[in-house]
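Chain residues, written in single-letter form:
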Amino acid sequence: MLDNYKKILVGLDGSVEATKAFDKAVATALRNDAELVIANVIDLRAFQSISAYDSVVADDTHKGAENLIRDFAEDAQAAGVKTVKTRVEFGSPKVMLGQTLPKEENIDLIVLGATGLSYIERIFIGSVADYIIKNAPCDVLVVRD
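In what follows, the accompanying structure is described. For clarity, every value in this text was computed on a predicted model and none was experimentally measured. (Residues numbered from 1 in each chain as written. Predicted model: local features only at pLDDT ≥ 70, side-chain atom pairs only at ≥ 80, totals over all residues. Heavy atoms only, no water.)

**Here we look at the pattern of salt bridges**
Under the defined criterion, the tally for this structure stands at seven salt bridges. Here Glu89 ties to Arg87 by a salt bridge, and the two come within 2.8 Å at their closest N and O atoms. In this structure, a network of salt bridges that share partners links the residues Lys7, Lys85, Arg87, Glu89, Glu104 and Glu105. (Salt bridge = Lys/Arg side-chain N within 4 Å of Asp/Glu carboxyl O.)

As structure tokens, this is what we get:
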């Protein structure tokens, strides 16, 4: 990568692929002396089956996500990344990681893991990575196995 990235966004969801993306984002942040923004977006569709959007479940989910990315933030700092910011948001992961957060945070590189959706899942749900690649306002790095 020849570009000098200043602000890198990595989306984490607890998957193995996301952890690989995190490792690549940390290495890239160190190489570029860049700020690392670690984000977890809680998909609101997960709450559609819960009547009247149970705030207790939402609060627990939010706290769990905060704990997840706090651990990753500590790992990034231990690796030598000087500036680490965390974001836990509710919304569409595609839109939040592909448009909203990059614009709000002035991101110049998004790093994400490629997940193994089946052909049918891609037809009905669509790939988060595919959406981000097509709609992001900055460079995107998709980390594969």
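Continuing now.
**Side note on the sheet that holds strand S3 (residues 84-91)**
Strand order in this open sheet of five strands is S3-S2-S1-S4-S5, and the pairing throughout is parallel. If you trace the sheet from one side to the other, it starts and ends with S3 and strand S5 (139-143), each paired once. Averaged over all neighbouring strand pairs, the angle between strand axes comes to 20 degrees, with direction disregarded. Relative to S3, strand S2 (residues 35-43) is paired through eight bridges, and the arrangement is parallel. The residue of S3 that forms the bridge with Ala39 is Arg87. Most of the contacts of helix H5 (residues 128-135) go to S5, to which it runs at about 160 degrees, and overall it touches strand S4 (109-113) and S5. (Pairing = 2+ DSSP bridges. Helix = DSSP H or I, 4+ residues; strand = E, 2+ residues; numbered from the N terminus. Axes fitted to C-alpha atoms, helices over the stretch in contact; angles between N-to-C directions. Contact = heavy atoms within 4.5 Å.)

**Section: the nonpolar core**
Counting residues in each nonpolar core, the largest one holds 25 residues, and the members touching the most others are Ile8, Val10, Leu12, Phe22, Leu36, Ile38 and Val111. When residues of this core are traced back to their parent elements, those giving at least two are strand S1 (7-11), helix H1 (16-32), S2, helix H2 (55-79), S3 and S4. Top element by residues in this core is H1. It accounts for six residues. With residues near it in sequence (within four places) discarded, Leu12 still touches Ala18, Phe22, Ile38, Ala39, Asn40, Ile69 and Phe72. Formed by 14 residues, the second largest nonpolar core is a distinct cluster that contains Leu9, Val37, Ala129 and Ile132. (Core = buried A, V, L, I, M, F, W, Y, C linked by side-chain atoms within 4.5 Å. Buried < 20%, exposed > 50% of the residue type's maximum accessible area, 1.4 Å probe, protein only.)

**Examining the pairing of S2**
Regular strands have side chains that alternate between both faces of the sheet. With eight of its nine residues buried, S2 lies for the most part within the structure. As for the winding sense of the linkage, the β-α-β connection from S1 through H1 to S2 is right-handed. (Right-handed = clockwise from strand over helix to strand, strands pointing away.)

**Some words on helix H3 (residues 93-105)**
Here H3 is 13 residues long, yet its end C-alpha atoms lie only 16 Å apart, well below the 18 Å a rise of 1.5 Å per residue gives. Residue Gln99 marks the point of greatest curvature in H3, where the axis turns by about 30 degrees; the proline Pro102 follows within four residues. What H3 keeps buried is the set Pro93, Lys94, Met96, Leu97, Gly98, Leu101, Pro102 and Glu105. Summarising the contacts, the buried residues of H3 are in contact with S1, S2, S3, S4 and H5. Within two residues after H3, Asn106 carries a phi angle of roughly 55 degrees, on the positive side. (Expected span 1.5 Å × (residues − 1). Bend = angle between axes of the 7 residues up to and from the residue.)

**Remarks on the side chain of Asn40**
In this structure, Asn40 sits in strand S2. Classification of Asn40 by relative accessible area gives buried; the value is 8%. Of note is the side chain of Asn40, whose polar atom sits 2.7 Å from the backbone oxygen of Leu12. Not counting residues within four places of it along the chain, the set of residues in contact with Asn40 comprises Leu12, Asp13, Ala65, Leu68, Ile69, Arg87, Val88 and Glu89. (Polar contact = N/O pair within 3.5 Å; in protein donor to acceptor, adjacent residues only side chain to side chain.)

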